[in-house]
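# Architecture at a glance
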Amino acid sequence: MADIAYQAATQHESKQHDSSDKITLVKARGSLVWDDRGREYIDCTAQAWSNNLGANDPRVIEAAMAQMREMTHIRPNFGSLAHTRLVAKLREISPASLNQMGFALHGSLAGEMAMKLAFKNRPQAQNLIVLQDGYHGRSLATLGASWPHPNNPFLAIQPRFTRVPHPYPYRTRMGMDPEAESQLCLGLLEDTIQKGVDGPVAAVMMEPIQGNGGHIEFPRSYYRGVREICDRLGVLLIFDEVQTGFGRMGTMWAAEYYDVVPDIIVFGKGIGGGFPLAGILADDRLKWFDEGEEALTFGHFPVSLAAGYATVEAIQADKLCERARDSGEYATARLRDMQEHRKLIGDVRCPGLMASIELVTDRTTKAPARREAQEVYRRGVERGVLFGESRYAGLGNLIKVKPPLDIERAQLARALDVLDEVLGEIEEGGQ
Ligand code: PMP
């Protein structure tokens, strides 16, 4: 990995992006969106992977409208029916002992809530450990917990955390076997907790799959190993499930998929059904905040809480975990098949409907095909498909297919046909 001009890539690509190439969206239904010129697109981004349930679901809109007609804003010092109902609903689906919860309107603030709770429960601790290539948001603290940003203007006022290396099965270090690399990274994590930082560590915070920073899934042994190290050394484990939660992996939580229960889960995006909603689930053993330690004016925004309740109900009623598994298997099979004849596809990564391909100019050197990835995105737009891309993160060479979990099969098939078509054209050097 070291030979890849990693930060230079993000720096270079970000300069090419300005508002003039933005598509103005005006309407959405399910997995489709329309722009101001009436053009229709299949949305493989689910609007920043947030519409796990298709956009503008009438059940969610109606729940939000009903709440709006009664009361739009309730200060968190008061109770609300919307809050009581959502708390009960989340307790139905949360992993066994994670029954305490708090809400915010953004994943970043929920991430900070998780950090605060970890430090509250480890009062002597001085450190938080995160993974290189992780992404936890753009508030000051979560920016500090994410991958290093080139020319970061906020360093002076941003908390800094200790980043440790993580496995990258497609690009293992020194050509190691992925399992050996997983063990190496576990060893480095343990060494860092014990010898790499001053004072005790409050928590290890990680995304089960690194959504923004390269879409990297780790070997199963890594998840179990991190849990074991944290338990042995008295460190809390935080899973940032802002992307992986609420069915995306084919299970309600990645924690369930990997059969590893963290002490705190951060959630966001998919729970809101298109409304801003995020929060944390915390283990019963943890001491909760005292008054005044965590109070946001709109922290219990009842319109979002009501929308969240309706969304989780719909995810359950429509069996979206099963549908994500089913569509994910279909997408994986299609992408693997494409990989046979499209040499630009270096790697296919697909747990659930969290699918991505890593494009390379050469399968032996695995040189990242950044320009080609941008071209796939551009040509997808021309043909009415919005693919996810990664120009700010990782190596900038990913194409992501993460539509709403209830996408119709014909729409998913069409998006994948377009992907195959544009990859073919780019490989042939056509326009
Ligand atoms: N954590 C993860 C894993 C995310 O993907 C994101 C958003 N992309 C966040 C946190 C931050 O969420 P928000 O943008 O709602 O603050």
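Residues numbered from 1 in each chain as written. Predicted model: local features only at pLDDT ≥ 70, side-chain atom pairs only at ≥ 80, totals over all residues. Heavy atoms only, no water.

## As for the site of the ligand
With respect to spatial proximity, the complete set of residues near the ligand consists of His-106, Gly-107, Ser-108, Tyr-135, His-136, Gly-137, Glu-207, Asn-212, Asp-240, Val-242, Gln-243 and Lys-269. Note that an oxygen atom of the ligand is positioned 2.5 Å from one of the side-chain N or O atoms of Ser-108. Within the side chain of Asp-240, an N or O atom sits 2.7 Å from a nitrogen atom of the ligand. A total of 390 Å² of accessible area belongs to the ligand in isolation, and the protein chains cover 83% of it. Each residue belonging to the shell around the ligand can be placed in one class, and the counts come to two nonpolar, seven polar and three charged. (Near = heavy atom within 4 Å. Polar contact = N/O pair within 3.5 Å; in protein donor to acceptor, adjacent residues only side chain to side chain. Areas by Shrake-Rupley, 256 points an atom, 1.4 Å probe, with all protein chains shown as cover. Nonpolar A, V, L, I, M, F, W, Y, C, P; charged D, E, K, R; others polar.)

## Topic: the nonpolar core
Leu-90, Phe-246, Leu-359 and Leu-419 are the most contacted members of the largest nonpolar core, which has 93 residues in total. Excluding residues within four positions of it along the chain, Leu-359 makes contact with Leu-344, Ile-345, Gly-346, Ala-367, Pro-368, Ala-369, Glu-372, Ala-373, Val-376, Asn-397, Ile-399 and Leu-423. One finds Phe-161, Leu-236, Ile-238 and Ile-264 within the second-largest nonpolar core, a separate group that totals 26 residues. (Core = buried A, V, L, I, M, F, W, Y, C linked by side-chain atoms within 4.5 Å. Buried < 20%, exposed > 50% of the residue type's maximum accessible area, 1.4 Å probe, protein only. Contact = heavy atoms within 4.5 Å.)

## Things to note about the confidence of the model for the chain
For the chain, per-residue confidence averages 94 on the pLDDT scale, and 95% of positions sit at 70 or higher. Here residues 1-19 is modelled with pLDDT under 50, and outside its nearest four sequence neighbours on either side it reaches 30 contacts, counting other chains as well. (pLDDT = per-residue confidence, 0-100.)

## Some details on the packing of aromatic side chains
For the structure shown, the criterion picks out 10 aromatic pairs. An angle of 35° between the planes, with centres 5.2 Å apart, marks the rings of Tyr-135 and Trp-147 as tilted. Taken together, the positions of Tyr-135 in the loop between strand 5 (127-131) and helix 6 (140-145) and Trp-147 in the loop between helix 6 and strand 6 (162-164) put the pair 12 residues apart, joining distant regions of the chain. Trp-147 shares its class with Tyr-135; the two are buried. (Phe/Tyr/Trp six-rings, centres within 6.5 Å; stacked < 30°, edge-to-face > 60°. Helix = DSSP H or I, 4+ residues; strand = E, 2+ residues; numbered from the N terminus.)

## Re the sheet that holds strand 11 (residues 264-267)
With mixed pairing, seven strands are arranged side by side in an open sheet as 4-12-11-10-7-5-6. Two strands close off the open sheet at either side, each with one partner strand: strand 4 (100-104) and strand 6. Averaged over all adjacent pairs, the angle separating strand axes in this sheet is 20°, with direction ignored. Relative to strand 12 (residues 278-282), strand 4 is paired through five bridges, and the arrangement is antiparallel. (Pairing = 2+ DSSP bridges. Axes fitted to C-alpha atoms, helices over the stretch in contact; angles between N-to-C directions.)

## Digging into a nonpolar patch on the surface
Side chains of Ile-61, Met-65 and Met-68 sit close together on the surface and give an oily, nonpolar patch of about 220 Å² of accessible area. As for its position among the elements, Ile-61 is in helix 3 (residues 58-70). You can call Ile-61 partly exposed: its relative accessible area is 30%. (Patch = residues over 30% accessible without salt bridge, like charges linked within 9 Å, V, L, I, M, F, W, Y side chains within 5 Å. Salt bridge = Lys/Arg side-chain N within 4 Å of Asp/Glu carboxyl O.)

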